[in-house]
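Each chain is listed here by its residues.
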Amino acid sequence: PWGGIAKIDLISGKKTWTTPIGARVDDKGNIIAVGDKNFGGILTTGSGLIFATGTPDSRFYAYDSEGNQIWFDQAESAGSTPPIAYKHNACEFILFTATGGKVIPFTKKDNGDKLMAYKLKTCN
């Protein structure tokens, strides 16, 4: 695969695990290859959740601390920046921008202007 996430032990320098990110899809939306280029970014929360965006399949991904994909959501446009996390009233939120990005060869139809927010189940 072109794109992936890896966990590296900073003491030994060895990879603990690696997992592909994104998927190459055909014109009908069928997955033809797992793992694709990434122009967004990664966010890791204090609880060990990993959020990723920026693949041409226009999905936002969540992984557990062992690299297992536990969630995804489809957006109208690809993410173009790393996700953002913040807390408000003891609730944690994750935000994704979905603009399509200008640095990769998306067509005009792929561009958007959304900011999508998700509340994690960490609220009282």
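Here is what the cut-offs are and how they apply
- Residues numbered from 1 in each chain as written.
- Predicted model: local features only at pLDDT ≥ 70, side-chain atom pairs only at ≥ 80, totals over all residues.
- Heavy atoms only, no water.
- Pairing = 2+ DSSP bridges.
- Helix = DSSP H or I, 4+ residues; strand = E, 2+ residues; numbered from the N terminus.
- Axes fitted to C-alpha atoms, helices over the stretch in contact; angles between N-to-C directions.
- Phe/Tyr/Trp six-rings, centres within 6.5 Å; stacked < 30°, edge-to-face > 60°.
- Buried < 20%, exposed > 50% of the residue type's maximum accessible area, 1.4 Å probe, protein only.
- Salt bridge = Lys/Arg side-chain N within 4 Å of Asp/Glu carboxyl O.

Q: Describe the sheet that holds strand 11 (residues 114-119), with residues and values.
A: Pairing in this open sheet of three strands is antiparallel, and the strands run 9-10-11 from one edge to the other. Either end of the sheet is taken by a strand with one partner, and the two such strands are strand 9 (84-88) and strand 11. Averaged over all neighbouring strand pairs, the angle between strand axes comes to 30 degrees, with direction disregarded. Of the pairings in the sheet, the one linking strand 9 to strand 10 (residues 91-98) comprises five bridges and is antiparallel in character. Following the sheet pairing, isoleucine 84 is matched in strand 10 by leucine 95.

Q: Go over the packing of aromatic side chains with me, naming the residues and quoting the values.
A: In total, this model carries eight aromatic pairs according to the counting rule given. Relative to phenylalanine 96, the ring of phenylalanine 60 has its centre 4.2 Å away and its plane inclined at 10 degrees; by these criteria the two rings are stacked. With phenylalanine 60 in strand 7 (residues 59-63) and phenylalanine 96 in strand 10, this residue pair connects regions lying 36 residues apart in the sequence. Its relative accessible area of 1% is what places phenylalanine 96 among the buried residues. Through pairs of rings, three or more aromatic residues link up here, namely Phe51, Phe60, Trp71, Phe96 and Tyr118.

Q: Can you lay out the pattern of salt bridges for me, pointing to particular residues and giving the numbers?
A: Counted under the stated rule, the structure contains two salt bridges. Ionic pairing is found between arginine 24 and aspartate 36, a salt bridge with its closest N-O pair at 2.8 Å. Linking arginine 24 in strand 3 (residues 23-25) with aspartate 36 in the loop between strand 4 (31-34) and strand 5 (41-44), this pair joins segments that are twelve residues apart in sequence. Here glutamate 76 and lysine 114 are joined by a salt bridge, their closest N and O atoms 3.9 Å apart. Here the residue glutamate 76 occupies a position in the loop between strand 8 (69-74) and strand 9, and lysine 114 occupies one in strand 11, the gap between them amounting to 38 residues.

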